[in-house]
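Residue strings, one per chain:
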Amino acid sequence: MIRKLTLFYIFYFSTIVYANSSIVPILQLILDSDDGQEFVPVVATPPRNIIYIMLDDADFYDFGYNRVNGSSFNTITPHMNSLRQGGMLLKNFYSGSSICSPTRASVLTGNSPLNYGLDYVWPQVYTENDQYSRGLNAIPNASQTIHLGQEMKKLGLTTIHYGKWHVGSSRSEYLPSASGWDEYEIRDPVPGQVIGRTGTYDVYRETGRRREHVYYLDSWQTDNIVADIHAKAQAGKRFFINFWPHTPHKDYFIPPGFNNSSYGFDLTTDRGKVQAMMVEMDNNVGKIIDALRANNIFEDTLIVITSDNGGHRDGNNPDRYSLLSGDKVDLSEGGIKVSAVFHWPNQIPANSTNDSMMTTLDLLPTFMELLGSENINTIDAQLDGNSKAPVIANNVDGYDVPIIWQTSWYTTRQPNTRWRSEWALRQGQYKLIKFHFSQTANSGWRLYDIVRDPGEFNNLKNQKPALFRQMKEAMTVQRLQSSRFYQFPTVTQTKRTIRFDPRLNSHSSDLTFAFDIQVPETLSEHKVIYDHPGQLTIRLLTSRKIQVRFYSVHQEFTTRTSEVLLSNRLSAGKHRVVFGIESWRNDTSQFELYVDGVFQDKQDSNLIHRTPWSSVSDASLGHSGINLSCIRWYKLKFYPDELIYDALDCPVN
């Protein structure tokens with residue numbers, strides 16, 4: 001836990017962190033200080049069951065208990081209001097991203113989406129042959145990374161997932177059953193046979209696929225959840241239900257049979273349709289509450305309701321913009337600050353609130369600690385998220401860990417690729433944002449005191465220049481830390497085998513490979529630095545040049561070819577090499593090679609529309625006769641001047 005905070009707080013010791021060598025022993029002391037902690041349960045009796053409901057694009061002000069005073073655009077959600085009144089509202093809860101897939105990955109893994117190179121929306125595909133994904137856009141399964149379903153299952157709960165998945169499903173090893181879910185129900189609309197949320201769907205379950213007629217998707221799945229609650233309760237089984245409905249995501253539809261006579265919504269508008277959809281969703285929450293009460297398990301069931309990101313501008317309450325800026329996709333508060341209610345009558349005081357910062361990354365370790373996991377210290381240390389169980393169970397103030405976000409929503413190449421993404425960092429009361437399409441180093445930066453200015457109207461960048469510089473450095477460090485592939489060895493002098501992991505697949509993904517190499521005076525043969533068959537090979541040639549060969553394929557996936565980057569001749573001695581891949585969702589990519597911070601070579605596949613070839617084979621690293629050190633993959637594109645901030649892990653030459 002402390003390990004994950006260290007890099008942010010050392011910036012208070014030194015503005016230029018890598019210049020202060022005395023930090024290293026201090027860092028080690030802090031890292032070692034968490035050893036030997038005795039496990040003490042945070043609650044005497046854990047919840048019997050947990051139900052986690054994450055709505056899709058539900059805005060902070062789409063919940064009736066978060067009313068905009070006097071607004072006629074408010075939604076009416078009495079059942080969700082009752083959960084808030086009987087439980088706790090977290091006033092500073094954030095989604096892991098301002099878009100869908102990254103947040104869902106953060107819930108399932110307890111890690112930053114950047115750990116998986118996930119700063120955009122993955123496609124919902126169920127075939128390995130889909131050109132867009134080639135079957136490899138997915139978070140690794142439970143054999144490769146910690147998963148919510150697997151951890152809940154270990155703690156004795158039957159695990160059930162309903163609704164949206166959206167974190168990869170094109171291969172069987174990425175389906176919920178491979179990540180610890182005993183039962184699941186995800187769906188894919190049959191083209192031309194669905195109007196609104198009503199029609200024929202291909203429904204995927206652990207027992208296989210069935211085509212079913214659905215009268216209204218979220219309500220249909222709610223009825224299946226209710227039946228499951230009855231069955232599990234009667235069998236005496238504890239359960240964890242993960243319900244990810246589609247409400248109120250666009251396109252907006254009036255639920256079948258919706259009676260507007262008592263509401264008076266303007267159903268000709270997007271906002272009116274969102275209001276109607278939220279009423280129907282609230283009725284579904286009421287059905288779940290009724291099922292729990294009918295089985296006498298309501299009191300000892302933890303119910304959590306959040307959203308995957310802020311609402312879409314088309315359906316948002318227009319009056320809320322005076323209080324909260326931004327929308328879905330945007331890293332302003334309106335895109336990432338979401339409502340979060342925790343309801344557990346046996347433990348959480350009614351009508352309570354807490355100001356502690358919490359994100360969807362924190363849910364997995366929090367659930368584990370509330371359930372009494374004796375492995376929580378070990379698990380928590382492996383995750384980007386932190387358990388906030390004392391906040392939930394005892395309403396204590398949680399320590400506020402800095403939070404990083406990055407999105408790259410736009411699918412095509414932009415004029416200035418370095419600034420196409422959007423980044424944000426909240427650190428204490430301040431929040432720094434670098435907006436997308438910022439063409440210069442300073443034009444897109446905004447610094448806010450988010451406590452005094454939650455609407456983000458007063459940019460403090462010029463008023464607090466020292467804080468601005470410190471937070472920019474901290475943001476770079478956290479982006480590096482969050483996207484680094486830590487399973488990779490950092491030193492090798494001989495050949496090592498690297499097991500396949502989809503995070504190191506280069507299809508439609510940004511990657512950075514960096515390493516230090518000791519170049520001999522003479523070479524009798526080419527030396528292999530990194531080899532991923534059919535995808536990427538990096539070699540040190542006898543001419544003392546670095547050669548990067550990557551394999552591509554035309555968009556029709558019939559013709560394979562390869563491209564080569566080549567460095568200048570290197571002098572004998574130690575050199576730092578950086579190879580970067582920057583890809584876009586239209587399957588075009590740019591490849592760059594740097595040595596010692598100096599640009600060497602570039603290939604750009606934008607004009608010929610090629611994509612790096614995907615491979616599911618293991619890779620090899622190193623070759624006898626050369627020394628590699630400070631080896632690291634990042635799941636984002638970084639430039640040499642940004643990599644200097646990782647000096648604590650890899651000292652500058």
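Before any of the text, the structure's been laid out above.
Rules used in this analysis
- Residues numbered from 1 in each chain as written.
- Predicted model: local features only at pLDDT ≥ 70, side-chain atom pairs only at ≥ 80, totals over all residues.
- Heavy atoms only, no water.
- Helix = DSSP H or I, 4+ residues; strand = E, 2+ residues; numbered from the N terminus.
- Buried < 20%, exposed > 50% of the residue type's maximum accessible area, 1.4 Å probe, protein only.
- Areas by Shrake-Rupley, 256 points an atom, 1.4 Å probe, with all protein chains shown as cover.
- Phe/Tyr/Trp six-rings, centres within 6.5 Å; stacked < 30°, edge-to-face > 60°.
- Lys NZ or Arg CZ within 6 Å of the ring centre and 35° of its normal.
- Pairing = 2+ DSSP bridges.
- Core = buried A, V, L, I, M, F, W, Y, C linked by side-chain atoms within 4.5 Å.
- Contact = heavy atoms within 4.5 Å.
- Axes fitted to C-alpha atoms, helices over the stretch in contact; angles between N-to-C directions.
- Parallel < 35°, antiparallel > 145°, perpendicular 65-115°, else oblique.
- Nonpolar A, V, L, I, M, F, W, Y, C, P; charged D, E, K, R; others polar.

1. Examining the overall build of the chain
At step 1: Assigned secondary structure in the chain consists of 13 helices and 27 strands.
At step 2: Counting every position in the chain, which comprises 653 residues, the buried fraction comes to 61%.
At step 3: Total accessible area on the chain stands at roughly 24,000 Å², and carbon and sulfur atoms take up 48% of it.

2. Observations concerning helix H9 (residues 363-370)
At step 1: The element H9 is extensively covered by neighbouring structure, given that eight of its eight residues are classed as buried.
At step 2: Along H9, the residues that are buried comprise Leu 363, Leu 364, Pro 365, Thr 366, Phe 367, Met 368, Glu 369 and Leu 370.

3. Some thoughts on the packing of aromatic side chains
At step 1: Here the structure, examined in full by the defined rule, presents 22 aromatic pairs.
At step 2: Between Tyr 634 and Phe 638, the ring centres sit 5.3 Å apart and the planes meet at 70°, which makes this aromatic pair edge-to-face.
At step 3: A relative accessible area of 1% means that Tyr 634 is categorised as buried.
At step 4: Ring-pair connections join several aromatic residues into one group, and the members of that group are Phe 485, Phe 488, Phe 513, Phe 515, Tyr 530 and Trp 633.
At step 5: A cation over a ring is seen here: Lys 431 above Trp 405, with NZ or CZ 5.9 Å from the ring centre.

4. Structural notes on the sheet that holds strand S24 (residues 598-604)
At step 1: Across the sheet, six strands lie side by side as S15-S27-S17-S22-S23-S24; this open sheet has antiparallel pairing. Where the open sheet ends on each side, the last strands, each with one partner, are strand S15 (491-492) and S24.
At step 2: Pairing of S15 with strand S27 (residues 627-634) involves two bridges; the strand directions are antiparallel. Residue pairing in the sheet places Thr 492 in a bridge with Leu 628 of S27.

5. Describing the nonpolar core
At step 1: Ranked by size, the top nonpolar core spans 50 residues in total, and within it Tyr 52, Phe 240, Leu 302, Phe 342, Phe 367 and Ile 392 carry the most contacts.
At step 2: Tyr 52 has contacts with Val 107, Phe 240, Ile 241, Asn 242, Phe 243, Trp 244, Val 304, Thr 306, Thr 360, Leu 363 and Phe 367, leaving out every residue within four places of it along the chain.

6. Description of the packing of helix H6 (residues 217-234) against helix H7 (residues 270-294)
What describes two packed helices is the angle between their axes and the distance between those same axes.
At step 1: In contact at an axis separation of 9 Å, H6 and H7 are set at 5° when each is read in the N-to-C sense. The angle between H6 and H7 places the two elements in the roughly parallel class. Counted together, Asp 218, Ser 219, Thr 222, Asp 223, Ile 225, Val 226, Ile 229 and His 230 of H6 and Glu 280, Met 281, Asn 284, Lys 287, Ile 288, Ala 291, Leu 292 and Ala 294 of H7 form the full contact between these two elements.
At step 2: For the contact of H6 with H7, the residue count by class is eight nonpolar, four polar and four charged.

7. Regarding the environment of Ile 392
At step 1: Relative to the elements of secondary structure, Ile 392 occurs in helix H11 (residues 389-394).
At step 2: A relative accessible area of 0% places Ile 392 in the buried class.
At step 3: In this structure Ile 392 touches Met 88, Leu 90, Phe 342, Ile 348, Met 358, Thr 366 and Leu 370, once residues within four positions along its chain are discounted.

8. Looking at unusual backbone geometry
At step 1: In this model, Thr 247 is joined to Pro 248 through a cis peptide bond whose omega is -5°.
At step 2: Residue placement: Pro 248 occurs in the loop between strand S7 (239-244) and H7.
At step 3: Positive phi values are uncommon outside glycine, yet Asn 395 reaches one of about 55°.
At step 4: One can find Asn 395 in the loop between H11 and strand S11 (403-407).
At step 5: Here Asp 596, not a glycine, exhibits a phi torsion of approximately 55°, which is positive.
At step 6: Tracing the sequence through the fold places Asp 596 in the loop between strand S23 (589-595) and S24.
At step 7: Its relative accessible area of 40% is what places Asp 596 among the partly exposed residues.

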